Amino acid sequence: PSPVPDQPTAPTDPTSLLGFGRYIFTTDVDRVAALALDVKDMIQAPTVKQANDTYVNGGNAGTAQSERVVSLAALSLTAARDMNEDPIFNIFRWALLSEEVFESIDTDSFDPLESAYADIVVGKALGIAQDKELAAESAVVLSVWMEICHNIFNAINYCEDGDAKAVTSIDRAIALWIGAGQSESTFDTGFLMYKIAQQGEKHFGLTSGEALANTKIIGTFAYAQEVSKNCAGDNENFLELKVIVAQIVTQMTIPLLQNLLHYIDQENENYIELYALAVVPQAIGCGASDFIGLRDVLVSEKDFNHNDIDQVFFDEMQRFQKCLRISCDDLMGKTNPTGTLRDLIDNICVSDSASNKNLAGFETTTDVYEVSRLDLDVLQIGIFMETKAYGAAEDYYLHGYNSQGTLKPLSLRDLAKSPGRTIVPQYKIFSDYFQSDNYSDDLVQHAIRRIGAFEDASRDQAAELVTRSLQGVVSYMAVLEKLYSAVDRCRQGFGAVKILEEGVALFVGSLEGAERGGNGAWDGTLLFALGKETCDAFDTCEASDNADVNEDMREVLDDARDLLQSDDCDGALQVIENEVLADLPVAILQALLFYTVENAGMSAGNQTYPLAAGYVFSRSILPLVYEVNMTSASTLDTNLIFDLKNKPVPNGADAVYEAITFVLPGMNVDCDDIGTFGLRDVCDNTEAEVVRPDTDTSTNLGNGLYTTTTYVDDRAAIALDLVTIRDALESGSLDLARVVYKDGDNSNEYNDNGIKVGQRSLQKFSTQSTLDMVNEPIFNIYRYALKDNTGQYLSKDVRLYADSIVEQLLATTFTTAEQKTLPAEAMLVLNLWMLLAHELFETLNNCKNKAIADTDGVHSIDEAVAYWIGDGQQAGDGGTGHLFYALAERMGDKFQQNVDGQSRTNVNILRLFNQAKLELTFPNACTDSPNTYPRLRQIVYRILSQMTIPLVQSLIHNLRENDQLRVKLYAQAFAPLTAACDPELFQYLQLKLIDGTYNVIEAEEVVERIRTSFDCLGISCSDVGQHVTETDNICIDTPKRNPLAGYVPIGDVREYAQLDLDVLETGILMEMGAYAAAEDLYTYGKHALVDGINGPEMLTLSQMATTSDRSVVPEFDSFVRYFENNKYADKIIREALDRNKLPNASDVQRKEIVVKGMQYLVIYMAALQAMHDAISSCDSAEASRVMGAQEAWDRAAALLVGSIEGNEAAGTSNGQSFYGLAKKRCAQFDTCGKSGYSQVNDELMSLLYTGRGELEAGSCSALRRAVASIEPLLLVPLIQSNIRYAIENTRLDAFPTDADFAEGYIFSRAILPLVEDVDRNAADIINRNMDLVFETEPVKDGSLAVINAFASVYSGMNVDCELVGKVDGVEACTGADQEPSGGKLGGGAIFGIIVAVFAVVGLAGWLFVKHRKERQKQQGAELAPMFRRSNGVMDHSSDILGGKHHDAAILDGDEAFVNRMQYQA
């Protein structure tokens, strides 16, 4: 919370004198504070009997409402009734009372006096010790102290309800702290807790003044009162009050601890025992082991022995103090103790200063201590469930307590319902399985409230259900959320390590302490503790008793953090998905198996906790099991259901063990990590071991179509799954189809030793294999195209688009036999198609990284062919096979495309597969030859183009057939590819074929639009063929002299124009975070294949950015001089592609730097190079060079316009080069011509034709003039862009993450060298305001400075300022003397705003004060009942609690007993 406000001035109301002028009471608390006079009367009573009478009957205190006398005894005797939902009271009860007490709650046998532990202590002091002072002090530090707690927790409840009584409760609490008769800062007045605090610090050496504990607590109470006053107006205020209350409880404990230490030093046994009972019970809320240790030393049947105050005691006290947030400074207060007391304090206060950053040996680099303290909430919720304080348990779950945020506690429900869980792939698995986004919250709340399946759960079972759900279900997903979010933060460029370490905190928790392996006890409540709990039974503990899996997790998370620190986001993701996902479920699986055996021996109706534990741990893992095998999941569900009516584990423990054994390989969990429990070993599979044939065993695919070099029968067998599914769908056996789809049936998976470990399934190709596709280009194009603005498709993560479509089809009721098999078709063309693409990209990636050895590369190609042909295929037969070969054959028939008995597609693709295989056949092909990867890459992209043909054929065929269901399916399979060709085309197809419906008369128009994508996809009309319904072949490939937005080139420059497709696709990959794929595309190209010396070769943007041929351009020297680097563009682009560089840049900024860098640094200079090449060739005496001049000129046009602009004048709206930029800027700068087209583009087209004409006429000098006119023309959209982003970026603060900041930076780099040639001062101004400097506000001098800097150099750069135009009222030609709208405000404007703000604030303040005074007038003097009734185990052996007060030998004890019973009645 915010700092405690300044103390208010002393009021005139006499009631407030109790607060020494530092706390202003709003209610009359005199009768409450008068309880102090009962304590005084007890002390001053002539006899113990009279002291007892005062204690029992009271005489001074009461409620203002009824004037009923309230006694000190009543505080304890009514506690079980009034405090039954109070957290602190229940922690004390759990520590001090036997479990039988709680079993009797809610029954006729419950005796509230059983919970009156304070009354017992007072009775012992009066009866056994015959000590009035001891009895009085006992009543204060036990009963009054707890009553204060009761009031402050009531304040939270009132505040949550919006009830003004919250303030009253705070007033009463501090009145009970100070009490009547107390003078400020004195030691010899007063009788309640203020006096105890003064006494505690006096023992420590304070000679005068107020104890620090009192100073702090009065200030904190004052702040709590201020917050409480606003409860009625803000329903969230109670959360801030809750944080303050937690601080008050800590501050209230400090005096008790000070007194305890003093009496330990003095070896005063009675007072040691008293203060131990006042303090130590709180330790059970910090871990049972430390509580037992402290209890046994300080409160035991044997006499106190100072020798027991040893290092173990000191360690326990240190952990206890840390848990309560009590620091050494808190203990010392304003004093400096000496002697043996100081030695005692020093031993207790000796602690590692970095202990808050160590979690069981994991050394964090950030402070995640508060997050780690959520495990205390789990522990204490368990205590409340055991004491049947269900309201307190629910409150701690919903709102938290121990883990403090800024203005509210962190809560476990925040974890259970976190929106961030959607980033975790497993979250969708869980939410789908449980059919609820809030499955974990539902489970916890149902258990707390004991509703639904848990209605008849016993006390122990309810507690187990809740705590194990928090440990196994909530914690599991919370840890993964943090880890995946850390990778996401890494990609954004900030905060990744802290988020990962928060995941560590949620895995380990605070209770484990700082030492490696944890504190040795089983006090923890999270997954780390579960590992320690189960490892002994499974023989998987280290020598330190820590679990092997915990140590594995520590190392793995260390590795992930190291990778994040080095900005290797993808490496960290691989660690998470390959290591963490395998280790995290281990302890849960062990617990499930352990409780399976425990429960198997139980009978129906068993009320013990193992039944609940087994149920929860099964729920913690069931969705993951279901993903691997539905049958295994069903076995777990049946045997571990929470059912009190039937015998648990009806099929026996062996059935559960077999189910787990079967799915472990599919879950990627090593069975050795699970270990052995008794005679059971999950590594033992009783089924006959299936061994794969030798890897060199060849496979004959398609009856001689293709003979593999390696064994791939297992891959080809996936075709048989499709057969089974198709047959099941046709016969109406939907359940069978689902099982085979999810679990697989025929395609065996083998481990590295060739032993079968599971089965592939078509569903896993979408739900699991796609995790490995996050850096692959084709997969990311599909994700980009299909995702909505939340990253989903069909309400699931877009990564799962294929499975989502299949599941939607499986859930659809079809009427015809043809329709029923649609889900099987979807599995083929969606799930398997993308997996085949993945196999090819994985081969490429391994070759690029030189990770291919021996036959690895050949085997990868063999696998891809197996997925293309499949099992059961005959050559040239579309009716016998089941995979893509068969589909291509069927479509080949439909499109009249058969060649020598096979479809053209199959002939081509098999030839390409063989070419790829040949590339990889040579020894060390990828490691020794730098040319292998580029050649293999070309082949792979040609294969992918051929793989597209059956999809587009099927789409066109079904359009012709008007089969709208299949049109939609094949549109989903094909259309996303067009998003990287022409965004307008994809939007058209999406609207017509996927999201909407088309009219049959529109089919031909749709087909024509589809054909426009062929060039981009690397296919031709002849590849696709002529459909049987077409009488004429109306498909026409792009002509060689394809117009470029109206400009008709002389030669064929289509490939150069298609470089804009590389730019478009790079932007898509950057947006999807596929940086490696983007870097690969930039380096090796994709769409522009030109004739090279050794045959066709890719034309790449990286070549253009680095070629020395640019030196032909005069301006190039200016750029090299300015950047001091002849590869300046390449350097800028690669820095943005490297997450280790530009640490402050966001993902959207990196995208803009890369894409805009390609467009306006690389293509700009390449276009100039082409024009100057044309001049140079024109001047040449060589005839061959003169002929090349026209090609160079057309090449410049192709680069400046691009292919996406299309054929027609004015182009499209998605252009990626200068032509598109000029169109965009003309509307913004009012420079569009009368026709609506950009004036710059009109002049550019005219000059391009002029240049072409001069070349045809052989007029080289005129060509020079044309180039000289084009060069300044190209600067116009760059200048406009600089001005636009100078204005836009003035709104940004330091460390901006907006894309505009990066765009302004690149546009300035594209022109700054030319500005500097004219005026260095102007260039400095532009650079200073547009540079990529994150630490200061962008455009620090204001946009006006940038605009005027450009205005000063137009003439020197030969730029026609009229073409630049105007924006926001500012003329480019004249500059401006007034900041345009959106620009930075001058000092006068800022002053005006400040005045206006202060005027508004002043008015608001006056209204607030007026409202507050009126509200205070309306508050009545009537007080709520003093003791508001809430809604609502370690056994001790202490002699002080050995009996009850009314059994004690007090003088006239029978009378005391009668009095007590009468009061209770």
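Residues numbered from 1 in each chain as written. Predicted model: local features only at pLDDT ≥ 70, side-chain atom pairs only at ≥ 80, totals over all residues. Heavy atoms only, no water.

### Points about the overall build of the chain
No. 1: Secondary structure assignment for the chain yields 70 helices and 18 strands.
No. 2: For the C-alpha atoms alone, the extent of the chain along its principal axes is close to 130 × 85 × 60 Å.
No. 3: Here the chain holds 1465 residues, and 60% of them are scored as buried.
No. 4: Taken as a whole, the chain presents about 54,700 Å² of accessible surface, with 48% of it coming from carbon and sulfur.
No. 5: Side chains of the chain give 116 positive and 213 negative charges; the mean places of these two sets differ by 5 Å. (Helix = DSSP H or I, 4+ residues; strand = E, 2+ residues; numbered from the N terminus. Buried < 20%, exposed > 50% of the residue type's maximum accessible area, 1.4 Å probe, protein only. Areas by Shrake-Rupley, 256 points an atom, 1.4 Å probe, with all protein chains shown as cover. Lys, Arg positive; Asp, Glu negative; His and termini not counted. Charge placed at Lys NZ, Arg CZ, Asp CG, Glu CD.)

### Re the side chain of D38
No. 1: Considering the arrangement of structural elements, one finds D38 in helix α2 (residues 35-44).
No. 2: Buried charge without a salt bridge: D38, with R31 as the nearest opposite-charge side chain at an N-O distance of 8.6 Å.
No. 3: When sequence neighbours within four positions are dropped, the list of residues in contact with D38 reads T54, G58, G59, N60, A61, V70, S71 and L72. (Salt bridge = Lys/Arg side-chain N within 4 Å of Asp/Glu carboxyl O. Contact = heavy atoms within 4.5 Å.)

### A few points about the confidence of the model for the chain
Predicted coordinates in regions of low pLDDT should not be interpreted in detail.
No. 1: Looking at the chain, the pLDDT average stands at 87 and 90% of residues meet or exceed 70.
No. 2: Contacts for the low-pLDDT stretch residues 1-16, under 50 throughout, to residues beyond four places or in other chains number 34 contacts.
No. 3: A low-confidence stretch, residues 1384-1465 (pLDDT under 50), is modelled with 141 contacts involving residues beyond four sequence positions or located in other chains. (pLDDT = per-residue confidence, 0-100.)

### Describing the state of the cysteines
No. 1: If you walk through the whole model with that rule in mind, you get 11 disulfides.
No. 2: A sulfur-sulfur distance of 1.9 Å marks the disulfide that ties C1021 to C1035. Taking the torsion about the sulfur-sulfur bond, which here is approximately -70°, the covalent link between C1021 and C1035 counts as left-handed. With C1021 in helix α52 (residues 1021-1024) and C1035 in the loop between α52 and α53 (1054-1057), this pair connects stretches of sequence that are 14 residues apart.
No. 3: Since its relative accessible area comes to 9%, C1035 is described here as buried. (Disulfide = S-S within 2.5 Å.)

### Looking at the packing of aromatic side chains
No. 1: With the rule as written, the count across this model stands at 47 aromatic pairs.
No. 2: Relative to Y117, the ring of F89 has its centre 6.3 Å away and its plane inclined at 25°; by these criteria the two rings are stacked. Taken together, the residues span a long stretch of sequence, with F89 in helix α6 (residues 87-96) and Y117 in helix α8 (residues 117-127) at a distance of 28 residues.
No. 3: Classification of F89 by relative accessible area gives buried; the value is 1%.
No. 4: Exposure remark for Y117: the relative accessible area of 4% places this residue in the buried category. (Phe/Tyr/Trp six-rings, centres within 6.5 Å; stacked < 30°, edge-to-face > 60°.)

### With respect to the packing of helix α21 (residues 390-399) against helix α24 (residues 439-449)
No. 1: One can describe the packing of α21 onto α24 by two numbers: an axis separation of 9 Å at closest approach and a directional angle of 160°. Comparing their axes, α24 and α21 come out roughly antiparallel. Like other packed secondary-structure pairs, α21 and α24 cross with a definite hand, here left-handed. In contact with Y390, A393, E394, Y397 and L398 of α21, α24 contributes D441, V444, Q445, I448 and R449.
No. 2: Taken together, the residues of the contact of α21 with α24 sort by class into six nonpolar, one polar and three charged. (Axes fitted to C-alpha atoms, helices over the stretch in contact; angles between N-to-C directions. Parallel < 35°, antiparallel > 145°, perpendicular 65-115°, else oblique. Left-handed = near helix turned anticlockwise from the far one by under 90°. Nonpolar A, V, L, I, M, F, W, Y, C, P; charged D, E, K, R; others polar.)

### A closer look at unusual backbone geometry
No. 1: Not every positive phi belongs to a glycine, and D1230 is a case in point at roughly 60°.
No. 2: Position of D1230 relative to the elements: it lies in the loop between α61 (1218-1229) and α62 (1239-1257).

### Some remarks on a negative patch on the surface
No. 1: Residues D1230, D1242, E1243, D1360, E1362 and E1371 make up a contiguous surface patch of negative charge.
No. 2: Tracing the sequence through the fold places D1242 in helix α62.
No. 3: Residue classification places D1242 among the partly exposed positions, given a relative accessible area of 37%. (Patch = residues over 30% accessible without salt bridge, like charges linked within 9 Å, V, L, I, M, F, W, Y side chains within 5 Å.)

### A look at the pattern of salt bridges
No. 1: All chains considered together, the criterion is met by 68 salt bridges.
No. 2: Two residues, R295 and D296, come together in a salt bridge whose shortest N-O distance is 3.0 Å.
No. 3: D296 gets classed as partly exposed once you look at its relative accessible area, which sits at 33%.
No. 4: For E807, the salt bridge identified is with R738, shortest N-O distance 3.1 Å. Residue E807 is located in helix α40 (residues 801-810), and its partner R738 is located in helix α37 (residues 734-743); the two are separated by 69 residues in the primary sequence.
No. 5: One continuous salt-bridge network, built from bridges that share partners, spans E501, R516, E551, R554, D558 and R561.

### Section: the environment of L771
No. 1: You can see L771 is positioned in the loop between α38 (762-767) and α39 (777-786).
No. 2: Expressed as a C-alpha distance, the spacing of L771 and E577, which sit 194 residues apart in the sequence, is 8.1 Å.
No. 3: Not counting chain neighbours up to four residues away, the residues in contact with L771 comprise P425, E577 and R799.

### Quick word on the environment of A514
No. 1: Tracing the backbone shows A514 in the loop between α26 (496-508) and α27 (527-538).
No. 2: Classification of A514 as partly exposed rests on a relative accessible area of 23%.

### Points about the packing of helix α25 (residues 459-492) against helix α29 (residues 569-583)
In a packed pair of helices, the relevant descriptors are the angle between the two axes and the axis-to-axis distance.
No. 1: At a minimum axis distance of 9 Å, the contact between α25 and α29 shows a crossing angle of 165°. The orientation of α25 with respect to α29, classified from their angle, is roughly antiparallel. Like other packed secondary-structure pairs, α25 and α29 cross with a definite hand, here left-handed. Here L480, L483, Y484, V487, C490 and R491 of α25 come into contact with α29, specifically with C569, D570, A572, L573, I576, E577, V580 and L581.
No. 2: Residue composition of the contact of α25 with α29, grouped by class: 11 nonpolar, no polar and three charged.

### Section: the nonpolar core
No. 1: I152, F221, L261, I264 and L298 are the most contacted members of the largest nonpolar core, which totals 251 residues.
No. 2: In this structure, F221 is in contact with Y23, I148, I152, I170, A173, I174 and I248, ignoring residues within four places of it in sequence.
No. 3: Among the nonpolar cores identified, the runner-up in size contains 120 residues, and L1314, V1339, I1347 and V1353 belong to it. (Core = buried A, V, L, I, M, F, W, Y, C linked by side-chain atoms within 4.5 Å.)

### Here we look at the pairing of strand β15 (residues 1089-1092)
No. 1: Pairing geometry for β15 and strand β16 (residues 1095-1098), over four bridges, is antiparallel. Its bridge partner being in β16, V1090 is matched across the sheet by E1097.
No. 2: With antiparallel pairing between neighbouring strands as the criterion, β15 and β16 make up a hairpin whose turn holds two residues. (Pairing = 2+ DSSP bridges.)

### Brief notes about the environment of D1194
No. 1: With respect to the helices, strands and loops of the structure, D1194 is situated in helix α60 (residues 1183-1201).
No. 2: Note on D1194: relative accessible area 0%, which makes it buried.
No. 3: Here the alpha-carbon distance between D1194 and R1054, two residues 140 residues apart in the chain, equals 9.8 Å.
No. 4: Dropping the residues within four chain positions of it, D1194 is found in contact with Y1047, P1049, I1050, G1051 and V1053.
No. 5: Here Y1047 takes part through its side chain, which lies 2.7 Å from a polar atom of the side chain of D1194. (Polar contact = N/O pair within 3.5 Å; in protein donor to acceptor, adjacent residues only side chain to side chain.)

### Structural notes on helix α20 (residues 374-386)
No. 1: For α20, with 13 residues, the first-to-last C-alpha span of 19 Å sits near the 18 Å given by 1.5 Å per residue.
No. 2: Across the 13 residues that make up α20, a large majority, 13, are buried.
No. 3: One or two steps after α20, the chain reaches K388, where phi turns positive at roughly 65°. (Expected span 1.5 Å × (residues − 1).)

### Details of helix α50 (residues 1003-1011)
No. 1: Taken together, the buried positions of α50 are A1003, V1006, V1007, I1010 and R1011. One face of α50 carries all of its buried residues, which in axial projection span an arc of 140°.
No. 2: In this structure, the buried side of α50 is in contact with α47 (932-961), α48 (964-974), α49 (983-994) and α51 (1014-1017). (Arc of directions from axis to C-beta.)

### Describing the side chain of S761
No. 1: Its place among the elements puts S761 in the loop between β10 (756-759) and α38.
No. 2: A polar contact of 2.8 Å, which involves the side chain of S761, links it to the backbone oxygen of K742.
No. 3: Excluding residues that lie within four positions of it along the chain, S761 makes contacts with V740, Y741, K742, D743 and G744.

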